[in-house]
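Coordinates in review
If you want the building blocks of each chain, they are given just below.
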Amino acid sequence: MEKIDPVFFMERKKVKKITLVPNSFVMITFEEALKISLNQAVTFGIESVSFEEATGRVLAESIKSDMDIPPFNKSAMDGYACRRQDLAHSMQVIEVIRAGIPPVKSISEGTCSQIMTGAIIPDGADTVVKVEDCTGGEADAPIRNKIRFVGEKTGANICYRGEDMKAGEVVLEAGTLLDSRHVPILATVGSVFIKVYRLPSVGVLSTGTELVEPGETPGLSKIRNTNAYQMIAQLGKMGIDCDYYGIAADDEDITRSMISEALENNDILILSGGISMGEFDFVPAVLQSLGIYVAYKQVAIQPGKPTLFGTGQNKFVFGLPGNPISSYFILELLVKPFIYKCMAYDWNPPVLRLRAGERMTRKKSNRLAWMPVRIDQEGLVYQIEYHGSAHIFSLRDADGIIPVPIGKAIIEEGEFVDVRPL
Ligand code: AMP
Ligand code: MG
């Protein structure tokens, strides 16, 4: 079963003092790969940021409310604040209460105050009747002097002090990944500077002599570098601003010097290409020569078999397959959970459990497969035309991806599938 691995072979010839764990070059399952990487994840300290810049960051403290919310009994309507027991009679309007200006007068029998949404309920009042439900006084006058309730029934239309949150209560737990929904919560409790976990610094590097940058027209035998940019965009969605190091030609010394520079300046390095079985796939050997222990470089996943994870000297390296779909999926499936864990966030990707709208098949079932799918109006799931791991156009129409476990070759029409949105 033990096959001579070209990298192992090269290592023995060129780099003497490297401890090789025999299993590091054996194909492992995706679940094992995920576990190995996640076990290595570390956090990178805590910093204080303004709540305005906190989206995408993970809270390192729990946030408590500094006051009751709402802070006072507040009108939920534009209308008249009065006593419920007076609703059957006409009432004298004694004050106009604006939002932001406290009332001066109390409500007593037969009186009411005109009140605006968000204003303080005056003492003595237990109900606000909507302006639309009232008649009386001089109807055209901007302020009526007398009103009468003509609606059928009314609620109190009062938001009571502390009904949403009491002073001292936790409004956001430590470990929350902050997004736009949390910003108004931080604002309302006055937490303008908050402690969050530092983001790891991430470097991105492409390998391949065949690559040119997207702004260039590829010459014969060349193609445009798409991986680096899709990876930067995927990580950008997580709030990670990557440093891009360019394209390393398939030359051992060039690869070493570019990887070395990127490793020096970053906590995590994400590479694409150069890790499979080709004559010029130097990445694993180069990493090991730089003191990175390669934990695995083959994962039983389709697409994405040539996937590498290594660590050493407080650095972490993911080597993603050169084919763009493979590298897109592996970043989603393996790198993203790792980076989230480095941000102290225990990420559970959302999954939609839906029925297959058609029978789906695959030829081999010795690896866990992930297939791009679309969801129709009825919520049924269909396969997307997919020519293989270089077919980036298949992602354009995909709503998500579904896993097909090892040993399973057929999904029947009507069977439940777990769609992971992209
Ligand atoms: P490799 O993993 O280096 O053997 O590359 C596998 C395939 O992916 C080859 O067809 C490469 O040309 C292609 N490829 C590698 N890197 C990139 C990249 N950055 N952008 C687009 N395609 C790539
Ligand atoms: Mg290559």
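Each chain has its residues counted from 1, running along the sequence as written. Note on labels: chains are lettered from A, ligands numbered from 1, in written order. Local features are withheld for residues below a pLDDT of 70 in this predicted model, meaning they are given only at 70 or higher, and side-chain atom pairs are given and counted only at 80 or more; totals for whole chains, interfaces and linings count all residues. Calculated side-chain values reflect all of the structure's heavy atoms, with hydrogen atoms and water omitted.

Remarks on the side chain of K336
Defined as follows: Only DSSP runs of H or I reaching four residues or more are called helices, and only runs of E reaching two or more are called strands; each is numbered from the N terminus. Per-residue accessibility, obtained with a 1.4 Å probe over protein chains only, is compared with the maximum for each type, and a residue is labelled buried under 20%, exposed over 50%, and partly exposed between these values. Throughout, a contact is declared for two residues whenever any of their heavy atoms are within 4.5 Å.
Tracing the backbone shows K336 in helix 7 (residues 324–342). Taking relative accessible area as the criterion, K336 reaches 14% and is therefore assigned buried. Filtering out sequence-adjacent residues up to four positions away, K336 remains in contact with M238, L331 and W347.

Considerations on the site of ligand 1
Filter applied, for reference: To be near a molecule or strand, a residue needs just one of its heavy atoms within 4 Å of it. N or O atoms within 3.5 Å of each other form a polar contact, as long as, within protein, one can give a hydrogen and the other can take it, and as long as residues adjacent in sequence are counted only when both atoms are side-chain atoms. Note that accessible areas follow from Shrake-Rupley with a 1.4 Å probe, and for residues the cover is restricted to the protein chains shown. Each residue gets one label: Ala, Val, Leu, Ile, Met, Phe, Trp, Tyr, Cys and Pro are nonpolar, Asp, Glu, Lys and Arg are charged, and the others, such as Gly, are polar.
Neighbouring ligand 1 are 15 residues, the closest being E210, N225, T226, G274 and G322. Here an oxygen atom of ligand 1 and a side-chain polar atom of E210 are 2.5 Å apart. In this structure, an oxygen atom belonging to ligand 1 sits 3.1 Å away from a main-chain N or O atom of G322. Alone, ligand 1 offers 480 Å² of accessible surface; in the complex the protein occludes 78% of this. Residue assignment for the shell around ligand 1 shows that the elements contributing at least two residues are strand 13 (202–207) and strand 15 (223–224). Residues of the shell around ligand 1, tallied by class, amount to two nonpolar, eleven polar and two charged.

Regarding the packing of aromatic side chains
Short version of the rule: Any Phe, Tyr or Trp ring, taking Trp's six-membered ring, that has another such ring centre within 6.5 Å forms a pair; planes under 30 degrees apart are called stacked, those over 60 apart edge-to-face, and the others tilted.
Scanning the model with the defined rule gives nine aromatic pairs in all. Ring-pair connections join several aromatic residues into one group, and the members of that group are Y296, F309, F316, F318 and F338.

So, the sheet that holds strand 8 (residues 134–135)
Strand pairing in a sheet relies on backbone hydrogen bonds, with the paired strands running either antiparallel or parallel. Under the convention used in this document: Here, any two strands with at least 2 DSSP bridges between them count as paired.
The six strands are arranged 7-4-6-5-9-8 in an open sheet whose pairing can be described as mixed. On the outer flanks of this sheet lie strand 7 (127–130) and strand 8, each paired with one strand and no other. Two strands pair when backbone bridges link them, and strand 5 (residues 90–97) and strand 6 (residues 111–115) are joined in this way by four bridges, in the parallel orientation. Pairing of V96 across the sheet is with Q114, part of strand 6.

Structural notes on helix 2 (residues 30–40)
Working note: α-helix, 3.6 residues per turn, so residues spaced by three or four point in the same direction. Basically, it comes down to this: Read the arc as the range of directions from the helix axis to the C-beta atoms.
All buried positions along helix 2 are accounted for by F30, A33 and S37. For helix 2, the buried positions fall inside an angular range of 60 degrees around the axis, keeping them on one side. Projecting away from the buried face of helix 2 at angles above 90 degrees are the exposed residues K35 and N39. Packing partners of the buried residues in helix 2 comprise strand 18 (293–296), strand 19 (301–302), strand 20 (308–312), strand 21 (315–320), helix 7 and strand 24 (368–375).

Observations concerning the sheet that holds strand 13
We apply this condition: Helix axes are fitted to C-alpha atoms over the stretch in contact, other axes to C-alpha atoms as well, and angles between N-to-C directions run from 0 to 180 degrees.
Spatially, 16-13-17-21-20-18 is the arrangement adopted by the six strands of the open sheet, whose pairing is mixed. Where the open sheet ends on each side, the last strands, each with one partner, are strand 16 (243–248) and strand 18. Sheet twist, expressed as the average angle between the axes of neighbouring strands with direction ignored, equals 20 degrees. Examined bridge by bridge, strand 18 and strand 20 share three bridges and lie antiparallel to one another. Within strand 20, the position partnered with Y296 by the bridge is F309. Contacting strand 13, strand 17 (268–272), strand 18, strand 20 and strand 21, helix 7 runs over the sheet at an angle of about 165 degrees to strand 21.

With respect to the nonpolar core
Cut-off, in case you're wondering: Nine residue types can take part in a nonpolar core, namely buried Ala, Val, Leu, Ile, Met, Phe, Trp, Tyr and Cys, and a core is a set of them joined through side-chain atoms within 4.5 Å. Domain ranges listed in this record stem from an automatic or a database domain assignment.
Membership of the largest hydrophobic core comes to 43 residues, with the highest contact counts inside it found for L235, I268, I270, Y296, F318, F338 and I339. Among the secondary structure elements, those contributing two or more residues to this core are helix 2, strand 13, helix 4 (227–237), strand 17, strand 18, strand 21, helix 7 and strand 24. For this core, the element with the most residues is helix 7, which contributes twelve residues. Mapped onto the domain boundaries, this core takes at least three residues apiece from domain 1 (28–45 + 198–342) and domain 3 (352–421). Core analysis: the second largest hydrophobic core is formed by 18 residues, M258, L269, L271 and V286 among them.

Topic: the environment of P122
Relative to the assigned elements, P122 resides in the loop between strand 6 and strand 7. Looking at P122, the relative accessible area reads 2%, which means it is buried. Counting along the chain gives 48 residues from P122 to K74, while the straight-line C-alpha distance between them is 9.3 Å. Setting aside residues up to four positions removed in sequence, P122 forms contacts with A81, I97, P103, K105, I107 and I115.

As for the packing of helix 2 against helix 7
A pair of packed helices is captured by two measures, namely the crossing angle of their axes and the spacing between those axes. Our working rule: The scheme is simple: roughly parallel for angles under 35 degrees, roughly antiparallel for over 145, roughly perpendicular for 65 to 115, oblique for anything else. Crossing chirality is assigned from the near helix's rotation relative to the far helix, an anticlockwise turn below a right angle marking it left-handed and a clockwise turn marking it right-handed.
Running from N to C, helix 2 and helix 7 cross one another at 25 degrees; their axes reach a closest spacing of 9 Å. Relative to helix 7, the element helix 2 is oriented roughly parallel. At the point where helix 2 passes helix 7, the crossing takes the right-handed sense. Residues F30, A33, L34, S37, L38 and Q40 of helix 2 form the contact with helix 7, whose participating residues are L333, L334, P337, F338 and K341. Looking at side-chain class alone, the contact of helix 2 with helix 7 contains eight nonpolar, two polar and one charged residues.

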